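Take a look at the letters that make up each chain.
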Amino acid sequence: MNLICKLIEDIKSRKRDYLLNILEISISITISLVITILLMVFMRYSVETALSAYSILFSHGFTNIPYLLTRSTPLILTALAFLLPSLTGLFNIGGEGQFYLGAITSLVIAYYTGSAILAIITGGLAGGFLGLLLAILRVYKNVNEVVSAVMINRALYYILIFIISTYLADPIIPHQSISVPRSATLPIMHIHGLRVNCGFIVALLMSMCVAYIYYKTNLGFALRASGLNPKAAALAGFNIKRLMLISFIIGGGMAGMGGAVHVLSVIHNIDVMLIGLYGYGFLGIGASLLGRNNPLGVIFSSLFISGLIIGGQWIEVRLGLPHQLADLIVGIIIVSLAIPFSYHYIKLTLKRYRR
Amino acid sequence: MIEDIVTLISLSLTTMTPLLLASTGEILTEKSGIVNIGLEGIMVLGAITSAVVSNITGNPYVAILVAMFIGLSIGLVMGYLSAYLHANQIVIGIGINGLAIGIATLILYRVWGEYGGTPTVSKIMEIQVWIASTILSIKPITIGAVIVSITSWYILEKTNLGLRIRACGENPHAAEAMGIDVNLYRLTLTGIGGLYTGLAGAFMVVNWVGFFSREMVAGRGFVALANVAFSNWNPLLAILGAFIFGFFEAFATFLSLKVQQFPLPEYLSFLRTTGQNLFGAFPYIATLLTVIVIMKKVRIPRALGKPYVKE
Amino acid sequence: MEIRPVARLENIVKVYPDGVKALDGVSLEVYPSEILGILGENGAGKTTLMRIFYGEIKPTHGRIYINDKQVYFNGPWDAIRHGIRMIYQQFSMVETFTGLENIHLFLTSMEKNISFKETEKRVKELLKSLGFNIPINEPVEDLPIGIQQKLEIVKALVSGAKILILDEPTSLLNPLEVMDLFKLIKRLKENRVSVIFISHKLREVKGVTDRVVVLRKGKVVGEAKTSEIDEASLARMMIGNEVVLSSRRVEKISIQGEKSRVLILENIVVKSDREQSSLKDLSLVLFKGEILGVAGIQGNGQIELAEVILGLRKPVKGRIILEGEDITNLPVSERLKKGIAYIPDSRRHGLVLDMDILENVLLTNHMQAVNRFGIIMTRTINNLANKVIKEYNVIASSPKILVKHLSGGNQQRVLVGRELVKNPKVLIALEPTQGLDVGSTHYVRNLLINHKLLGGSVLLISSDLEELLSLSDRLAIIYCGKIVAEGLPSEFSIEKLGLCMGGSC
């Protein structure tokens, strides 16, 4: 009870900030939907096609709850992967590569040990290692972390294809890796009559862990302070370099775990073109931004973006339009979220015109 | 032996062109203080635009112009958001990269009904020089790219305009006090950077492979960013850098073909099949290592990436 | 023949949107080849008047005439086109460019196609006619402040300045550089340039101007030929009644020998981006239960001194010893634990405005409020935050209020309170009362005195001489990164202070 009172008091003092955030999110989603329609019309799609695409998107994207939860699981984790380093001012674009590495590591460990827990842990470690690499390059060698991340992502893509097709190929089924043994798969559980994939539970747990760190520990406090005012954080004795490294380790670990969980609970093997793993890194960035870089907020934004992606798949099935439509919407959301205080700016321009 | 060298140089000149164009454009943008990591997306859009226009009009030159126009427009939008609305420049770039694939795929489907790539479109002629029974092909846009780089260097370092541009990137408050409209400069130069990058995308379709495929840009936008830092924001060095990075790619392709021809010991035979993927990874790793080695000695424009907020 | 004024301000009135009347009918004339001084305290309206003259803001009423023709300024460039130039306290040059490039940059805004060679020629000719030389081919950031200021003046002259406005030009200069500046200003007279010299420093106004106009509360209260008036009269006009020209406090005799040394700095060398502020072989002793004042003109190493004690900067050479323990290599967090506290000169640097009071208190108290697992102990920090609010009179209903919603004075109380609540051994206070209202200023100063009386030590680094003289038990003067003088406040006359702050003692 006391906890809830405190929470309410917390929210009250930050009421204005929370409302502002919600407003910004709504504005960017709306802008994105509108611009997408305009673009489609510009590309000579008929307006009816566009509108029916939207109706399918929203009617089918969010209705299959178990599938929605399953799809959003890896997204929550890759969102956390982007979130933590962003607090220190750095951008973890390497989520994609960390995801892949975590997936393949967990596959191998699961195959040889049959233990899901071991697989998830090693997947996380692999991802964390990759994240640490990016951070070291940035902190000590001043290499821009975006460039190094993309280079590593792309190189890793090819290297992993090579490893899978050469060493981990399934002897019977072509174009596919060995499969996760039964003992190591993550089961589907039944909670209140709902079929929930165990992986989603893992993602929720991780999100809550990160939230706990964020709010209740010195580390989280240091991260938040560094993001808001690096000079003040330095006066407090917080070492920004150390924070950058730690945030990338934990962040990379989250993405690695995302890959592990996805392999263990959903796809159970990795196809030779890595199609089953593709894209979660980038969407995670969108989910993190849409969740306003808040560990609990990313749960909701991941659900939303997953709904968009699922809707996109339905659009492709029903109308034949490429599912990249959903990617487009997410991309525009990201761009519009890049504009700070868009609400303030609108208010100011209105004031200026009134004079 | 000579044939191999000629082939390598020929291929390197080609692979270096989109890198050089995008790098030069980005150098101009960054010298004014804006960082644009959406180069990849702009290249994709330039490529798909040139494919569509070349297909519709049958004229590759018009396709190039339209692609440049598209690049310019996107650059101007990004410049406006970054300079006047103080948006987070990195996040905008991420967004542009994401939505570019979305738009390209949608266009692809609309025009051709395909999801992966287009059929061939009209191309520009290339200059072919015979050397020792191999062709050294020089594409006209390659020459154009080098000229553009040299011109950009001259403008930046030797003219009044260049001094004013550089002031925007070093100390925008001082530049404003000296009578320079910093935001206008930043807007314009981001647009110009987009224009060059759009041309880079168009080059790939209309002067190189002759068709558009969804994965064709393959991270070149980011290699261009690496080249910007590698060249210490100097367009002349960017020519060298683009050649080096282009060479990595050319060499990887070259090697992957060579292993098919040469006799290999048993344990290396995988290089002919699944190992081909390793050649794909090579350019990226080589680029990354080069950047790591070189990063210590460069000098970044002081105000790069920070929004200029008038007090 | 009557000499017409080159510029005339007629009945300038400026009322700000919030109702404050900054100027109430000020009329002013500027004659060719004269050095006009504008004297006044903070808030007298000097800066507002000049900003109007320079085109930065528009007057509510009143007219401006240049060469007897009425003009309307819509922005600084209108004024620039009429030959008016303003030299600010914070210079507006691109630090990474050379002096010549900066001047050229400015000229390209006026003559688009001017060549670099042409600029170079003009600058060299001007320097020759003025009779001195300054390095024009070095990056501006490598030059001392006095030279940078000269470059600004050269920049103004080369571009055809007829009226030069200098706003408190000596605030960043040492006495030698001040004399150099005055020499230059007098040369300008010979080149038919008028100079407006804005200041609150009586001695300087008396030393360099031909004519003085005194402003008080937005009105002209006096005007005279400088040679026909004395400092006391000027001071009277400026403040309005008899003023005491110096403030001393009742001396406290402190017996050093008995006291223990809390903090020792031995031969500290710290590299900074500016030559002037790099610490060079600096040694200092702070005793228990005293306030050691460090006086000096801003930019002589004060920030570096504070930061090296806190641990933000690492000394290249030298040692720092806290109560007998060598802390030279300890990180900031360890030093905070050992009893060093820091009040930075800017609330923006010290507080996280988007966080609440609780979290800001936690910022420098996290060592006490975090257990060994790294988890924040909510009850401990809650109590601490409430203690700060109560004991330091922060007007806030709860510690959960965001700091950005507090007034400036309250923010400073949080900033000071969260340090004092730890009862630190060494409190470094950098410009603790800068920009505060009178009430808060007195309150903070009393807090510092109380801390000393309770046995703590304060290193008071300030540019406010009155504050230093009235609070310090001992005084040290920093110049160019060294302590050049040390002693009891009573041992320092105004002249000695000035000379030492200028490096000449």
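Residues numbered from 1 in each chain as written. Chains lettered and ligands numbered in written order. Predicted model: local features only at pLDDT ≥ 70, side-chain atom pairs only at ≥ 80, totals over all residues. Heavy atoms only, no water.

A few points about the overall build of chain B
When its secondary structure is counted, chain B shows eleven helices and two strands. Walking chain B from its N terminus toward its C terminus, one meets helices and strands in the order α-α-α-α-β-β-α-α-α-α-α-α-α. Relative to the globule expectation of 19 Å for 311 residues, the C-alpha radius of gyration of chain B, 20 Å, shows essentially globular dimensions. Every one of the 311 residues in chain B was classed for burial, and the buried ones make up 60%. Pairs at least 24 apart in sequence give 77% of the contacts found in chain B among residues at least 6 apart. Only carbon and sulfur atoms are counted for the fraction: they give 70% of the accessible area of chain B, which is about 11700 Å². (Helix = DSSP H or I, 4+ residues; strand = E, 2+ residues; numbered from the N terminus. Rg over C-alpha atoms; globule rule 2.2 N^0.38 Å. Buried < 20%, exposed > 50% of the residue type's maximum accessible area, 1.4 Å probe, protein only. Contact = heavy atoms within 4.5 Å. Areas by Shrake-Rupley, 256 points an atom, 1.4 Å probe, with all protein chains shown as cover.)

A few points about the nonpolar core
Counting residues in each nonpolar core, the largest one holds 339 residues, and the members touching the most others are Phe 212 of chain B together with Leu 49, Met 50, Phe 53 and Leu 164 of chain C. Take this core: its biggest share by element is 13 residues, from helix α4 (residues 89-112) of chain B. Here Met 50 of chain C is in contact with Leu 28, Ile 38, Met 86, Ile 165, Ile 196 and Ile 198 of chain C, once residues within four sequence places are set aside. If you look at the next biggest cluster of nonpolar residues, it comprises 33 residues, including Val 294, Leu 310, Leu 322 and Leu 459 of chain C. (Core = buried A, V, L, I, M, F, W, Y, C linked by side-chain atoms within 4.5 Å.)

Comments concerning helix α9 (residues 218-228) of chain A
The periodicity of an α-helix, 3.6 residues per turn, causes residues three or four places apart in sequence to face the same way. By the criterion of burial, α9 of chain A is predominantly enclosed, with eight of the eleven residues buried. Every buried residue of α9 of chain A is accounted for by Asn 218, Gly 220, Phe 221, Ala 222, Leu 223, Arg 224, Ala 225 and Ser 226 of chain A. Buried positions along α9 of chain A lie against α4 (65-87), α8 (198-216), α10 (230-235) and α11 (240-267) of chain A together with α12 (357-369) of chain C.

Regarding the interface of chain A and chain B
With 44 residues of chain A in contact, the opposing surface of chain B contributes 49 residues. Buried surface at the junction of chain A and chain B, both sides included, amounts to about 4100 Å², of which 79% is carbon and sulfur. Seen at the junction of chain A and chain B, the total is zero salt bridges. Scanning the region where chain A abuts chain B turns up five residue pairs in polar contact (both at pLDDT 80 or more). Residue assignment for the side of chain A that touches chain B shows that the elements contributing at least two residues are α6 (116-141), α7 (145-167), α12 (280-290), α13 (297-319) and α14 (324-337) of chain A. With 14 residues, α7 of chain A is the largest single contributor of residues to the side of chain A that touches chain B. (Buried area = accessible area lost by both parts, 1.4 Å probe. Salt bridge = Lys/Arg side-chain N within 4 Å of Asp/Glu carboxyl O. Polar contact = N/O pair within 3.5 Å; in protein donor to acceptor, adjacent residues only side chain to side chain.)

Some details on the interface of chain A and chain C
Between chain A and chain C, the residue contacts involve 22 residues of the former and 28 residues of the latter. Of the roughly 2200 Å² buried at the junction of chain A and chain C (both faces included), carbon and sulfur atoms supply 60%. At the junction of chain A and chain C, the tally comes to one salt bridge. In this structure, the salt-bridge partner of Arg 224 of chain A is Glu 359 of chain C, at a minimum N-O distance of 2.8 Å. Joining chain A to chain C, the criterion identifies eight residue pairs in polar contact (both at pLDDT 80 or more). Elements with a minimum of two residues in the side of chain A that touches chain C: α1 (2-13), α8, α9 and α10 of chain A. Of the residues forming the side of chain A that touches chain C, the biggest block, five residues, is contributed by α9 of chain A. Of the residues belonging to the side of chain A that touches chain C, the class tally is ten nonpolar, five polar and seven charged. (Nonpolar A, V, L, I, M, F, W, Y, C, P; charged D, E, K, R; others polar.)

Re a nonpolar patch on the surface
A contiguous nonpolar surface patch, about 770 Å² in accessible area, is contributed by Met 1, Ile 2, Ile 5, Ile 9, Ile 127, Val 129, Ile 131, Ile 143 and Ile 147 of chain B. Residue position: Ile 5 of chain B is located in helix α1 (residues 2-31). (Patch = residues over 30% accessible without salt bridge, like charges linked within 9 Å, V, L, I, M, F, W, Y side chains within 5 Å.)

Section: the sheet that holds strand β15 (residues 325-326) of chain C
Residues and elements named next belong to chain C. Spatially, β12-β11-β14-β15 is the arrangement adopted by the four strands of the open sheet, whose pairing is antiparallel. Since the sheet does not close on itself, it has two edges, and those belong to β12 (279-287) and β15, each with one partner. Bridge count between strand β11 (residues 261-270) and strand β14 (residues 317-322): five bridges; the pairing is antiparallel. Looking across to β14, one finds that Glu 266 is bridged to Arg 319. Of the strands in this sheet, β11, β12 and β14 are in contact with helix α9 (residues 302-310), which crosses β11 at around 115°. (Pairing = 2+ DSSP bridges. Axes fitted to C-alpha atoms, helices over the stretch in contact; angles between N-to-C directions.)

Comments concerning unusual backbone geometry
With glycine set apart, most residues show a phi of negative sign, and most peptide bonds adopt trans. All names here are of chain C. One non-glycine residue with positive phi stands out, namely Asp 68, at about 70°. Overall, the relative accessible area of 37% leaves Asp 68 in the partly exposed class. In this structure, Asp 281 takes a positive phi of about 55° despite not being glycine. If you trace the backbone, Asp 281 turns up in strand β12. Given the relative accessible area of 43%, Asp 281 is considered partly exposed.

Observations concerning the confidence of the model for chain C
Residues and elements named next belong to chain C. Within chain C, residue pLDDT values average 85, and 90% of them lie at 70 or more. When the criterion is pLDDT under 50, residues 241-255 qualifies, and its contacts beyond four places in sequence or with other chains add up to 24 contacts. What the predictor reports for the complex is a pTM of 0.83 with an ipTM of 0.84. (pLDDT = per-residue confidence, 0-100.)

Some words on the environment of Gly 117 of chain B
Within the secondary structure, Gly 117 of chain B is located in the loop between α4 and β1 (127-131). Residues within four places of Gly 117 of chain B in sequence aside, it is in contact with Leu 108, Phe 212 and Ser 213 of chain B.

Considerations on α1 of chain B
Residues and elements named next belong to chain B. With 30 residues, α1 should reach 44 Å at 1.5 Å per residue; the first-to-last C-alpha distance of 41 Å fits that figure. At Met 16, α1 shows its largest kink, close to 35°, and the proline Pro 18 lies no more than four residues downstream. Taking burial as the measure, the 30 residues of α1 include 23 buried ones, the bulk of the element. Positive backbone phi, at 115°, marks Gly 33, one or two positions downstream of α1. (Expected span 1.5 Å × (residues − 1). Bend = angle between axes of the 7 residues up to and from the residue.)

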